[in-house]
Amino acid sequence: MLRSKAALAKLGSLRTYASASSVAPTVLSTANGIKVAAVEGHADSPLASISLVINHGSRFETAATSGAAHYLKAFGFRNTQERTSFRTVREAELNGATLTASATRENITYTVQCFRDAVPYFVDILGDIAAATKFSEHEFRDIAKLVRFEALAARENPQARVIDGVHQAAFRSGLGNSLYALESSPVHTGDAVREYAQAAMQSGRVAVVGTGVDAVTLAALVGESKLAALAGSAGAGAKAKFTGGGHQIYDSAAPVSHYALAFESDPSSAAALASLLGAQRRLKWGAGGASPLAKLAFTEGFAAESFSFAYSDAALVGVLVSAPSAHISAAVEKVAGVIQASVAKASPEAVARAVAATRLDVAEAQATQLGVISELSKLALGQGPSASLEAVDAVAASLAQTAAKVFSAKPVAASIGLSQTTAYVDTLGF
């Protein structure tokens, strides 16, 4: 669909970024400061996606707005001044489109996967979400049921709960805020969500990213939608501050206990450090893998999984250990010993193995639509280093020195299990 020359003329400066894909994404700025990032992809593919990305996830909540980001995510594709949610869903189905909403600690994202020729229509819908959602009280009551279910489901998932806890131990507030609206959330009305949304929908906090669509065309569509009415800057949020030595404990009499041990890292090296920990098994059967942690878990009969979470100004990297409650303390102590003796003193072979694994993980992520959307969002909003093969290669040379520094520092921990049988983080020798 053609757009007016006036809309094209409103576009700001153009920037391009290198990526692992054959076509580099393009990032534009609209006249009111919204960033538009897109990669056109294969010309013979009829598929496209567009996402409205709002840099106002749970890290921006305060005591008065705790849980509001979870509610705002759930209000995606609901009633607006122009459309009912029934109409939006019905017309999405008629176009064969898929509508999804997701939230991280930094961003709330509404995504439409559709055919290319339907992109103009769905840009208008995303504009309605940003500028014309009603936040009516009767709809809030329905949404509150969904939010409560998602929060309870996460609470019943011990791995999800312990990861939430290790963020709280590491950062307390900000990045330490839960992804979910807990029972203590003060958000009880649609008006409360509206107020949080008004703070979120500043043009400097908003990006529109697309795949299978030309960036100039997408930016012109954005300029002619309700998104063009947004104003305001991103503002300077509080910088994340890591607090070493914290330990969040959730008492439980379950037969299996879970323990997350996490270290502060630079966002650029977090993924490679998680690969260096190497807790994941890359074979379905066998001795668990070549890394010391994988061998330890296989030999001792417990589960260990390395993780990393990279944000715009901070990152966590660590290991999640799951073991019978009677043996969790011994398992965690052995994992800590391996980290200190082997991972913090990584051999050249271990570094090479970690770099190769990270390169494969990055390449696999960039081969998926969700991976590309995530990368475009980071580029558009300036959230940390690029997840590219070139970025992995840039940290490879100093990975051993980085590991020695990161895994010798004081970690944080979160655990679910009997506190009497849990190894406290300050007893692990870091």
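Residues numbered from 1 in each chain as written. Predicted model: local features only at pLDDT ≥ 70, side-chain atom pairs only at ≥ 80, totals over all residues. Heavy atoms only, no water.

Enquirer: Would you mind going over the sheet that holds strand β10 (residues 303-310) with me for this structure?
Expert: Either a parallel or an antiparallel arrangement is found when strands of a sheet pair, and the pairing is made through backbone hydrogen bonds. The sheet built from five strands is open, its strands ordered β8-β12-β9-β11-β10 with mixed pairing. The open sheet is flanked by β8 (247-250) and β10, the only strands paired with a single partner. Each strand axis lies, on average, 15 degrees off the axis of its neighbour in the sheet, ignoring direction. (Pairing = 2+ DSSP bridges. Helix = DSSP H or I, 4+ residues; strand = E, 2+ residues; numbered from the N terminus. Axes fitted to C-alpha atoms, helices over the stretch in contact; angles between N-to-C directions.)

Enquirer: Explanation requested: the pairing of strand β7 (residues 206-211) in the structure shown.
Expert: Remember that side chains alternate between the two faces of the sheet whenever the strand is regular. Burial of β7 is extensive: six of the six residues sit out of reach of the surface. The side-chain alternation of β7 yields two buried faces, one formed by V206, V208 and G210 and the other by A207, V209 and T211. Bridge count for strand β3 (residues 35-39) against β7 is five bridges, and the pairing is parallel. Opposite A37, over in β7, you have V209 as the bridge partner. Of the strand pairs in this sheet, strand β4 (residues 47-54) and β7 are connected by six bridges, and their pairing is antiparallel. Its bridge partner being in β7, S51 is matched across the sheet by V209. (Buried < 20%, exposed > 50% of the residue type's maximum accessible area, 1.4 Å probe, protein only.)

Enquirer: Would you mind showing me how to read the pattern of salt bridges here?
Expert: This model, assessed by the stated rule, comprises 12 salt bridges. The partner of E106 in a salt bridge is R59, with the nearest N and O atoms 2.8 Å apart. One end of the pair, E106, is in the loop between β5 (98-103) and β6 (108-115); the other, R59, is in the loop between β4 and α2 (68-74), with 47 residues separating them in the sequence. Ionic pairing is found between R83 and D128, a salt bridge with its closest N-O pair at 2.2 Å. One end of the pair, R83, is in the loop between α2 and α3 (85-94); the other, D128, is in helix α4 (residues 119-132), and 45 residues separate them in sequence. Judged by relative accessible area, D128 falls into the buried class, the value being 2%. Sharing partners across several salt bridges, the network here consists of E82, R83, D128 and K226. (Salt bridge = Lys/Arg side-chain N within 4 Å of Asp/Glu carboxyl O.)

Enquirer: What exactly am I supposed to notice about the packing of helix α9 (residues 270-277) against helix α15 (residues 399-406) here?
Expert: Helices that pack against each other are described as a pair by the angle of their axes relative to one another and the distance between those axes. Orientation of α9 relative to α15, taken along the N-to-C sense of each, is 80 degrees, at an axis distance of 11 Å. Here α9 is positioned roughly perpendicular relative to α15, judged by the angle of their axes. Across from A272, L273 and L276 in α9, the residues of α15 making contact are L399, T402, A403 and V406. Looking at the contact of α9 with α15, its residues break down into six nonpolar, one polar and no charged. (Parallel < 35°, antiparallel > 145°, perpendicular 65-115°, else oblique. Contact = heavy atoms within 4.5 Å. Nonpolar A, V, L, I, M, F, W, Y, C, P; charged D, E, K, R; others polar.)

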